[in-house]
Amino acid sequence: EEVIFHVRGYLCSANLPPITTERQVYSNIIRLTQDPRFAVQSIQLIGLDSPTFQNNLIASLKIHKLLQDAAGVPIQSWTSQNYRDCKALRFSNRYLTSPQHAQGEMPVPFGPEVDPLNILQGIADKYDLLHLDDNNVFYYEKQLSSNDKSIYQECSPSNILCGLAVEAQMSFVALPVKNSYKMIYKLHSICKYQQASVILKGVVFSPTRKMKRRVGYQVAEENEVAEVRDNLKRIRIDNESDESMSRS
């Protein structure tokens, strides 16, 4: 099973489509073998001094224990990452999946905003790999309609830039690594907020302002909340190892 969260913060680093060269695909693979199965798109968020972001860090430790109990096997200890002097969280998702781990799923095409030159599809064909719905990451931006209601529209990943305030939809997954498991954040979607950003070139950051909470990416009128409400749906133990997804 899987646990679904909505996490908000400022984007401090990103490795996102569109893919325009093979080098771009392999640049985010940690393993020496450069196995294309482990090519990922990823983002890293900071919360500055936001209490909500701190709560996300605390929740991660609790979910780690939950996964530990569910797996019944050791799960490597989890710690947050750092961006300069700020605590950070990294989210990622593979572009491709091995056929033996597809569990009967049929492949889906890459979107033109992700693979405009068919580079990823060429790699998939060459190495007998699949792009599944589970590998998809969706990109949105929040706008206001004429009657001041929030509208969530699909956008190009090239519009999601460092410094923007974003919301990541993600899930916790425990993946096997040697004789244990490792907890990673699996990225499902990113939504950028038009009117909230910081300049990341300096050392000093401004605090995160409270933002309105939404459920789903459809037209909706929102209510103010102080904390992100966790939407716990599923917990999943994955049988396919992927160390590259847990590092920046």
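Data block above holds the structure.
Everything quoted here is computed from the prediction, not taken from an experiment. (Residues numbered from 1 in each chain as written. Predicted model: local features only at pLDDT ≥ 70, side-chain atom pairs only at ≥ 80, totals over all residues. Heavy atoms only, no water.)

Q: Would you mind showing me how to read the state of the cysteines here?
A: Simply put, the disulfide is a covalent bond whose two ends are the sulfur atoms of two cysteines. As enumerated under the stated definition, the model contains zero disulfides in all. We note that Cys86 lacks a disulfide partner, and the nearest cysteine sulfur, in Cys12, lies 8.0 Å from it. The exposure class of Cys86 is buried, given its relative accessible area of 13%. Between Cys191, a cysteine without a disulfide, and Cys155, which holds the nearest cysteine sulfur, the sulfur-to-sulfur distance is 7.7 Å. (Disulfide = S-S within 2.5 Å. Buried < 20%, exposed > 50% of the residue type's maximum accessible area, 1.4 Å probe, protein only.)

Q: What am I meant to see in the pairing of strand S6 (residues 150–154) here?
A: Along a regular strand, successive side chains alternate from one face of the sheet to the other. In this sheet, S6 lies alongside strand S5 (residues 138–144) in antiparallel orientation, the contact comprising five bridges. If you follow Leu144 over to S6, its bridge partner there is Ser150. Remark: five residues form the turn of the hairpin made by S5 and S6, two consecutive strands paired antiparallel; Asp148 in that turn has positive phi of roughly 65°. (Pairing = 2+ DSSP bridges. Helix = DSSP H or I, 4+ residues; strand = E, 2+ residues; numbered from the N terminus.)

Q: Help me understand the packing of aromatic side chains in this model?
A: In this description, an aromatic ring pair is defined by two values, namely the gap between the centres and the angle between the planes. Under the counting rule described, the total for this entry stands at four aromatic pairs. Where Phe5 meets Phe172, the ring centres are 4.9 Å apart and the plane angle is 85°; that geometry is what we call edge-to-face. Of this pair, Phe5 sits in strand S1 (residues 3–15) while Phe172 sits in strand S7 (residues 164–177), placing them 167 residues apart in sequence. Of the two residues examined, Phe5 and Phe172, each falls in the buried class. An aromatic cluster is built from Phe5, Trp78, Phe91, Phe172 and Tyr185, whose rings are joined through pairwise contacts. (Phe/Tyr/Trp six-rings, centres within 6.5 Å; stacked < 30°, edge-to-face > 60°.)

On their own, these measurements won't tell you what the molecule is for.
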